[in-house]
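Remarks on the overall topology
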Amino acid sequence: MVIEVCVGSSCYIRGAPAVIAILQSLISKYGLEEKVILKGSFCMQQCTQGVTVRIDGSIRSGLSKEDASRLFHHIVLPSLEAMGGEE
Ligand code: FES
């Protein structure tokens, strides 16, 4: 799974570094370094009131740093389980 966090200027100002830090720490907490690639991306043309993240090609925008852990638990973990990797 690839998670890209926009680090364009709008998202950067609205908290992209914090979102990356939270996702990074959750990835290592769950030992998912081999399954999840976390990387920065250029502006995805979805600049809103929050940070834009793309997970395996699907874009979510307007995220706050509080949304980062929700995103991880509600989207990342379940999709990894659906892929049959997580046990
Ligand atoms: S700066 Fe992140 S979508 Fe534009």
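Residues numbered from 1 in each chain as written. Predicted model: local features only at pLDDT ≥ 70, side-chain atom pairs only at ≥ 80, totals over all residues. Heavy atoms only, no water.

**Quick word on helix α2 (residues 16–29)**
For α2, with 14 residues, the first-to-last C-alpha span of 20 Å sits near the 20 Å given by 1.5 Å per residue. Contact partners of the buried residues in α2: β1 (2–6), α1 (9–13), β2 (37–41), β3 (51–55) and α3 (65–82). Gly31 lies just past α2 and shows a positive phi near 65°. (Helix = DSSP H or I, 4+ residues; strand = E, 2+ residues; numbered from the N terminus. Expected span 1.5 Å × (residues − 1). Contact = heavy atoms within 4.5 Å.)

**Section: unusual backbone geometry**
You will see that Gln45, though not glycine, has its phi angle at about 60°, which is positive. Residue placement: Gln45 occurs in the loop between β2 and β3. You can call Gln45 exposed: its relative accessible area is 65%. (Buried < 20%, exposed > 50% of the residue type's maximum accessible area, 1.4 Å probe, protein only.)

**Observations regarding the packing of aromatic side chains**
Note on aromatic pairs: each is described by the distance of the centres and the angle between the planes. Taken as a whole, this structure holds one aromatic pair when the rule is applied. Ring centres of Tyr30 and Phe72 lie 5.4 Å apart, and the angle between their planes is 50°; on these two criteria the pair is classed as tilted. Taken together, the residues span a long stretch of sequence, with Tyr30 in the loop between α2 and β2 and Phe72 in helix α3 at a distance of 42 residues. For Phe72, a relative accessible area of 0% translates into the label buried. (Phe/Tyr/Trp six-rings, centres within 6.5 Å; stacked < 30°, edge-to-face > 60°.)

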